[in-house]
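# Per-entry structural report
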Amino acid sequence: MEAYTLIRKIHKDCPLCDKVHEIEERKRTASTIIKGEEVAYEERFFFCANANEEENEFETGSMANENLLNARNAYRVKNHLLTSREIIEIRESYGLSQVDLAKLLGWGEATISRYESKAIQDEAYDTMLRIIKDSPLKALEFLKKNGDKFPGSKRNDIREKMVEKLDSYGKEFLTRQAMEGEYANYNELSDANGYTLLDIDKIECIISYFAEQVTNLYKVKLMKMLWYADVLFYQQSGKSMTGLVYRHDAMGALPIGHYSLMNLENLNIQEEAGVSYDAVMYHVYPSEHVNKTRISDVEKKVLDAVIVKFKNFKAQEIVEYMHKERAYIETNSGEIIPFGLAKEIRAF
Ligand SMILES: [Zn+2]
């Protein structure tokens, strides 16, 4: 028998025995072939205990659609294509309807609607969507090119929205580029990045999450909390969470690109004049501009463990705590701290 998880039991009309009775809603990992490739995905279905073994499962129309969407998104993730959710997010970030975004990019009017609900986008379409995702400036160029497809007032509304996004997003975009440049040497999975590639969306989400739970969060402590979160997650899954690469620094583990990190516009970081470690103190607050969907429940559990452990530590205390880790003792100043060594941290 195949493995499954029970989601819930409900009374409903059963098409198999044609009456209303208690039915189990279940999920399992299924696999299917998409474009010649086998992909694993999560499938939901109903189970009727009264029916015979050959035909005791059924799905509703909306369930079938959702399962199909899951399968296609699994294919997209596997092939590094934007998921339907990500396409929706890009569109919504510009406040555009499906038809308007399709027009903006010079595509057939139904294209975006299809990509959000069923069809898998070709590589070239994916690239265009990514271009405007990361740059309102590029979106404005598309508007210049395809603007005649919109009535004048609509065109002005769209432009206004893009300019607005440019004001806040422009700096974020440049900072991300700088940070990605600093990680150009770490574009391969390795012991240095914990077998995860740099994920700035996720890092922003984690930092804001920490700041929600920890009052008086400053840079020094934050850097250590990021390291412990990455290391703990690596212990559990063999992969780090963020893709950050950490060096041995006088104050403990410090990620490459930490200056850029503090400049990310999506974060809510205020500079304050300080006396201790930093000449300038970076006070980290929760931010409304981060993508909150980027951390999974499993990751959240790890973050919570780190928060519980260090919530009340002062910067100096967490630095001293980290100094006693093997990862710190056995590396020299300026050296990368490999995750293979980092995972030897003392028990939490
Ligand atoms: Zn039944």
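Overview of the structure.

The rules behind each value
- Residues numbered from 1 in each chain as written.
- Predicted model: local features only at pLDDT ≥ 70, side-chain atom pairs only at ≥ 80, totals over all residues.
- Heavy atoms only, no water.
- Salt bridge = Lys/Arg side-chain N within 4 Å of Asp/Glu carboxyl O.
- Helix = DSSP H or I, 4+ residues; strand = E, 2+ residues; numbered from the N terminus.
- Pairing = 2+ DSSP bridges.
- Contact = heavy atoms within 4.5 Å.
- Axes fitted to C-alpha atoms, helices over the stretch in contact; angles between N-to-C directions.
- Donors = N, O, S within 2.8 Å, 3.2 Å for Na, K, Ca; no water.
- Tetrahedral: all angles 85-135°; square planar, octahedral: opposite > 155°, others 65-115°.
- Buried < 20%, exposed > 50% of the residue type's maximum accessible area, 1.4 Å probe, protein only.
- Polar contact = N/O pair within 3.5 Å; in protein donor to acceptor, adjacent residues only side chain to side chain.
- Expected span 1.5 Å × (residues − 1).
- Bend = angle between axes of the 7 residues up to and from the residue.

## Side note on the pattern of salt bridges
Scanning the model with the defined rule gives 24 salt bridges in all. Between Glu265 and Lys171 there is a salt bridge, and its shortest N-O distance comes to 3.1 Å. With Glu265 in the loop between α10 (258–263) and β8 (268–273) and Lys171 in helix α7 (residues 152–182), this pair connects stretches of sequence that are 94 residues apart. Here Asp201 and Arg294 are joined by a salt bridge, their closest N and O atoms 3.2 Å apart. Of this pair, Asp201 sits in helix α8 (residues 200–213) while Arg294 is found in the loop between β9 (280–285) and α11 (297–310), placing the two residues 93 residues apart along the sequence. By sharing partners, the salt bridges in this structure join Lys133, Glu172, Arg176, Asp199, Asp201, Glu204 and Arg294 into a single network.

## Some points on the sheet that holds strand β4 (residues 57–58)
If you walk across this open sheet you meet the four strands as β1-β2-β3-β4, and the pairing is antiparallel. The two strands at the open ends of the sheet, each matched to only one other strand, are β1 (5–14) and β4. One ladder, built from 11 bridges, connects strand β2 (residues 19–34) with strand β3 (residues 37–47); its direction is antiparallel. Pairing of Ile33 across the sheet is with Glu38, part of β3. Set on the sheet, helix α1 (residues 61–78) makes contact with β2 and β3; between it and β3 the angle comes to about 155°.

## Digging into the coordination of the zinc ion
Donor atoms from the polypeptide that coordinate the zinc ion comprise Cys14 (SG), Cys17 (SG), His21 (NE2) and Cys48 (SG), at 2.1 to 2.3 Å from the metal. Considering all four donor atoms around the zinc ion, the spread of angles at the metal, 96 to 119°, places the coordination shape in the tetrahedral class. In the primary sequence, the donor residues of the zinc ion line up as C-x2-C-x3-H-x26-C. Of the two residues, Cys14 and His21, both sit in the buried class.

## Re the side chain of Asp230
Residue placement: Asp230 occurs in helix α9 (residues 219–237). At 2.6 Å, the side chain of Asp230 forms a polar contact with the side chain of Tyr246. Not counting residues within four places of it along the chain, the set of residues in contact with Asp230 comprises Lys239, Ser240, Met241, Thr242, Leu244, Tyr246 and Phe339.

## Remarks on α7
Since the α-helix packs 3.6 residues into each turn, any two residues three or four apart lie on the same face. Here α7 is 31 residues long and its end C-alpha atoms lie 43 Å apart, about the 45 Å a rise of 1.5 Å per residue gives. Of all bends in α7, the biggest is about 45°, found at Tyr169. Listing the buried residues of α7 in full gives Ile158, Met162, Lys165, Tyr169, Gly170, Glu172, Thr175, Arg176 and Met179. Check the buried side of α7 and you find it contacts α2 (84–93), α3 (98–104), α5 (123–134), α6 (136–146), α8 and α10.

## Comments concerning the environment of Arg159
Following the sequence through the fold, Arg159 ends up in helix α7. In sequence terms Arg159 and Lys144 are 15 residues apart; their C-alpha atoms lie 9.4 Å from each other. If sequence neighbours within four positions are ignored, Arg159 has contacts with Leu140 and Leu143.

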